[in-house]
Amino acid sequence: MNLYELTRSIIDSIPEQQRFSTHDEALLQRFKAPLLALEDDLVRGFYDEIEANPKINALLGDGARAQRELTLRRWWQRSLAGPIDEQYWAWQALVGVVHIKVGVKNSMMMGMWQWILARLRERITAEITGDEATREALLAAMGRLALTTQAITAESFLMNYLETVIRLTGFKPALLERMFKTEIDLVLAEARQQLGQVG
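Please read these numbers as outputs of a predicted model, since none were measured by experiment.

Caption draft 1: Highlighting the pattern of salt bridges. For the structure on display, the rule yields 15 salt bridges. A salt bridge links Arg123 to Glu127; the shortest N-O distance between them is 2.5 Å. Of this pair, Arg123 and Glu127 both sit in helix α8 (residues 106-127), four residues apart, which is roughly one turn of that helix. One continuous salt-bridge network, built from bridges that share partners, spans Asp41, Arg119, Glu122, Arg123 and Glu127.

Following this line, the structure appears as structure tokens:
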């Protein structure tokens, strides 16, 4: 699967006003220095949070924290320095593939993104100089970066998982899609019965 084509299609599916923009990128670069100063706290806190969660921490493996911290540092630095281009977004799609391999669920990824945004809100509110509107704009830009990244990572997880199933089974994509649509009708019927027809 071509990660560049995949990321373009995912980004195009996000409502334009909600996805990360060049304006957001410029804002992050404007505050690059004070945001880079948050790096140690974000990286340490992120992995402390993971270590406090046995289900997620078990996926890391012994001695893996130092390497993972380096990856998170590289991501933070690149996100602030730019460019936020096709290569950057393809990197986020690659994260979805890595998550399949190591067993990180999308719910885990989204939960940790929520931790990042909460920590950034604390630190930006307390430490970034300027008026409240500027701080809110910066937090909104970080929120759109989070949303766009989560969408790409989660969709890449799903699409690459399905691609792997197609390769392993030898099914043609059109056949798999027809089978899937038939089966999903059964799943919907069962789910509606469980929920008492609320859906």
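Caption draft 2: The packing of α8 against helix α9 (residues 132-169), seen in detail. Put simply, α8 and α9 touch, their axes get as near as 11 Å, and they point 170° apart. In terms of axis orientation, α8 runs roughly antiparallel to α9. Mapping the contact onto sequence places Asn106, Met109, Met110, Trp113, Leu117, Leu120, Arg121, Ile124 and Thr125 in α8 and Arg135, Glu136, Leu138, Leu139, Met142, Gly143, Ala146, Thr149, Gln150, Thr153, Ala154 and Phe157 in α9.

Caption draft 3: Examining α8 more closely. Helix length check: α8, at 22 residues, gives a terminal C-alpha distance of 31 Å against a target of 32 Å (1.5 Å per residue), a fit within 8%. For α8, the set of buried residues is Met108, Met109, Met112, Trp113, Trp115, Ile116, Leu120, Arg123 and Ile124. Taken end-on, α8 shows its buried residues confined to a sector of 155°, consistent with a single buried face. The exposed residues of α8 that point more than 90 degrees off its buried face are Ser107, Gln114, Glu122 and Ala126. Turning to α8, the residues buried within the fold contact α3 (32-36), α4 (39-51), α5 (54-60), α6 (65-81), α7 (86-102) and α9.

Caption draft 4: Representation of the nonpolar core. By size, the foremost hydrophobic cluster in this structure holds 45 residues, and its most contacted members are Leu28 and Leu35. Every residue in contact with Leu35, bar those within four places of it in the chain, is listed here: Leu28, Trp76, Leu80, Ile124 and Leu138.

Caption draft 5: Structural view of the packing of helix α1 (residues 3-13) against α7. Where α1 meets α7, the closest approach of the two axes is 9 Å, and the angle between their N-to-C directions is 95°. One way to sum up the angle between α1 and α7 is to call them roughly perpendicular. Where α1 abuts α7, its residues Leu3, Tyr4, Thr7, Arg8 and Ile11 lie against Glu86, Gln87, Trp89, Ala90, Ala93 and Leu94. In terms of residue class, the contact of α1 with α7 is built from seven nonpolar, two polar and two charged.

Caption draft 6: Looking closely at the layout of surface pockets. If you add up the space inside the largest pocket, you get close to 750 Å³. Put simply, the parts of the chain that give the lining of the largest pocket at least two residues each are α4, α5, α6, α7, α8 and α9. If one sorts the elements of the lining of the largest pocket by residue count, α7 sits on top with seven residues. In terms of residue class, the lining of the largest pocket is made up of 19 nonpolar, six polar and one charged. Its volume calculated, the second largest pocket comes out at about 290 Å³.

Caption draft 7: Quick peek at the environment of Gln17. Inspection of the secondary structure puts Gln17 in the loop between α1 and α2 (22-30). Take Gln17: its relative accessible area is 58%, and that puts it in the exposed class.

Caption draft 8: Spatial organisation of empty space enclosed by the protein. Following the criterion strictly, the structure yields one cavity of 30 Å³ or more and no others. For the largest cavity, the calculated volume is near 50 Å³. As for the largest cavity, its lining consists of Leu42, Val43, Phe46, Leu72, Trp75, Trp76, Trp115 and Ile116. Mapped by element, the contributors of at least two residues to the lining of the largest cavity are α4, α6 and α8. In terms of residue class, the lining of the largest cavity is built from eight nonpolar, no polar and no charged.

Caption draft 9: Quick peek at the packing of aromatic side chains. Tallied over the entire structure, the rule returns eight aromatic pairs. Measuring from ring centre to ring centre gives 6.2 Å for Phe46 and Trp115, while their planes differ by 75°; the resulting arrangement is edge-to-face. In this pair, Phe46 is assigned in helix α4 and Trp115 in helix α8, connecting sequence segments 69 residues apart. When sorted by exposure, Phe46 lands in the same class as Trp115, which is buried. Look at Trp75 and Trp113: their rings are 5.5 Å apart centre to centre, the planes differ by 85°, and that puts the pair in the edge-to-face class. Here the residue Trp75 occupies a position in helix α6, and Trp113 occupies one in helix α8, the gap between them amounting to 38 residues. Judged by relative accessible area, Trp75 falls into the buried class, the value being 9%. Among the residues examined, Trp113 registers a relative accessible area of 7% and is labelled buried. One aromatic cluster in this structure is built from Phe20, Tyr88, Trp89 and Trp91.

What counts, and where the lines are drawn
Residues numbered from 1 in each chain as written. Predicted model: local features only at pLDDT ≥ 70, side-chain atom pairs only at ≥ 80, totals over all residues. Heavy atoms only, no water. Salt bridge = Lys/Arg side-chain N within 4 Å of Asp/Glu carboxyl O. Helix = DSSP H or I, 4+ residues; strand = E, 2+ residues; numbered from the N terminus. Axes fitted to C-alpha atoms, helices over the stretch in contact; angles between N-to-C directions. Parallel < 35°, antiparallel > 145°, perpendicular 65-115°, else oblique. Contact = heavy atoms within 4.5 Å. Expected span 1.5 Å × (residues − 1). Buried < 20%, exposed > 50% of the residue type's maximum accessible area, 1.4 Å probe, protein only. Arc of directions from axis to C-beta. Core = buried A, V, L, I, M, F, W, Y, C linked by side-chain atoms within 4.5 Å. Nonpolar A, V, L, I, M, F, W, Y, C, P; charged D, E, K, R; others polar. 1 Å grid on protein atoms, 1.4 Å probe; cavity = no way out; pocket = protein on both sides within 12 Å on 5 of 7 lines; lining within 4 Å. Points joined across faces, edges and corners; volume = space filled by probe spheres on them. Phe/Tyr/Trp six-rings, centres within 6.5 Å; stacked < 30°, edge-to-face > 60°.

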